[in-house]
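Residues per chain, in single letters:
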Amino acid sequence: MLERKPLKQSPAGVKASDALAWYQTLSTYEGEQDTFHRRHLVTPLAKEVMAMKCNTCHQGDDPREEAQIPPDHSNRDFTLRKSVNPEICLMCHGASPYKLMGLPTP
């Protein structure tokens, strides 16, 4: 997950270098666009103020949520990744994250 990078150009043809993502407008963010996972795990701010790991967000131990190794594509009881409950985001971003993101309303 940490090796992935944002697209250099959107499907609509907008270059990432010509546009700012909303998080790039925050005073706490530095640099080019980055992926959600990298922003929360390996950016300078993440390293400075967070100690997150994959299971900070991807919680749970229900085997129905885990992919089998090796994959069994005929078994539909398993998913490829653990889901994230959006309430987990509020542990850090508070009850009204839209304000932190600079949005006028939820």
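Preceding this paragraph is the structure being described.
Residues numbered from 1 in each chain as written. Predicted model: local features only at pLDDT ≥ 70, side-chain atom pairs only at ≥ 80, totals over all residues. Heavy atoms only, no water.

## Re the packing of aromatic side chains
To keep it simple, the criterion reads: Only centres within 6.5 Å qualify two rings of Phe, Tyr or Trp (six-membered ring in Trp) as a pair; their planes then separate them into stacked at under 30 degrees, edge-to-face at over 60, and tilted for everything else. Summary of the burial criterion: residues with accessible area below 20% of their type's maximum are buried, those above 50% are exposed, and those between are partly exposed, where the area comes from a 1.4 Å probe applied to protein chains only.
For the structure shown, the criterion picks out two aromatic pairs. Look at Y23 and Y29: their rings are 5.0 Å apart centre to centre, the planes differ by 75°, and that puts the pair in the edge-to-face class. Y23 sits in the buried class, given a relative accessible area of 9%. The rings of W22, Y23 and Y29 are connected pair by pair, giving a single aromatic cluster.

## Observations regarding the pattern of salt bridges
Here is the rule: Salt bridge, as used here, is a side-chain nitrogen of Lys or Arg placed within 4 Å of a carboxyl oxygen of Asp or Glu.
Under the criterion given, the structure shown has one salt bridge. With a closest N to O distance of 2.8 Å, R38 and D34 form a salt bridge. This pair shows no difference in class: R38 is buried, exactly as D34 is.

## As for the side chain of R39
As a reminder, the rule being used: Helix and strand definitions follow DSSP, with helices as H or I runs of at least four residues and strands as E runs of at least two, each counted in order from the N terminus. Under this rule, positive means Lys or Arg and negative means Asp or Glu; His and the chain ends count for nothing. Whether two residues are in contact is decided by their heavy atoms: any pair within 4.5 Å suffices.
Among the structural elements, R39 can be located in helix α1 (residues 36-41). Despite being buried, R39 has no salt bridge partner; D34 is the closest side chain of opposite charge, sitting 7.2 Å away. Excluding residues that lie within four positions of it along the chain, R39 makes contacts with Y23, Y29, D34, A46 and M50.

## Quick notes on the layout of surface pockets
Sizing a probe to match a water molecule and rolling it over the atoms shows the empty space that remains. Selection rule: We place a 1 Å grid over just the protein atoms. Points where a 1.4 Å probe fits but has no way out form a cavity, open points with protein on both sides within 12 Å along at least 5 of 7 lines form a pocket, and any residue with an atom within 4 Å of a point lines it. Grid points are joined across faces, edges and corners, and a volume is the space filled by probe spheres set on the points. In this classification, the charged set is Asp, Glu, Lys and Arg, the nonpolar set is Ala, Val, Leu, Ile, Met, Phe, Trp, Tyr, Cys and Pro, and all remaining amino acids, among them Gly, are polar.
Taken as a whole, the second largest pocket spans an internal volume of roughly 340 Å³. If you trace the second largest pocket, you find 17 residues lining it, with P6, G31, E32, Q33 and D34 closest to the centre. Grouping the constituent residues of the lining of the second largest pocket by class yields six nonpolar, five polar and six charged.

## Looking at the state of the cysteines
Defined simply, a disulfide is a covalent bond joining two cysteines at their sulfur atoms. The criterion, for reference: Defined by distance alone, a disulfide is two cysteine sulfur atoms within 2.5 Å.
Evaluated as defined, the whole model comprises zero disulfides. Looking at C57, it has no disulfide partner, and the nearest cysteine sulfur is the one in C89, 6.3 Å off. Residue C57 is classed as buried on the basis of its relative accessible area, which comes to 18%. On the basis of relative accessibility, which here comes to 37%, the residue C89 falls in the partly exposed class.

## Some details on the environment of K8
Within the element layout of this structure, K8 appears in the segment before α1. Here K8 falls in the exposed class, since its relative accessible area comes to 67%. Considering only alpha carbons, one finds K8 and Q33, 25 residues apart in sequence, at a separation of 9.4 Å. Excluding residues that lie within four positions of it along the chain, K8 makes contacts with V14, K15 and A16.

## Topic: the environment of R38
Mapped onto the secondary structure, R38 falls in helix α1. Residue R38 is classed as buried on the basis of its relative accessible area of 18%. A sequence separation of 37 residues divides R38 from M1, and the C-alpha atoms of the two residues are 8.0 Å apart. Once residues lying within four places of it in the same chain are set aside, the contact partners of R38 are L2, R4, K5 and T43.

Note that all results are geometric; they support no functional claim without further evidence.
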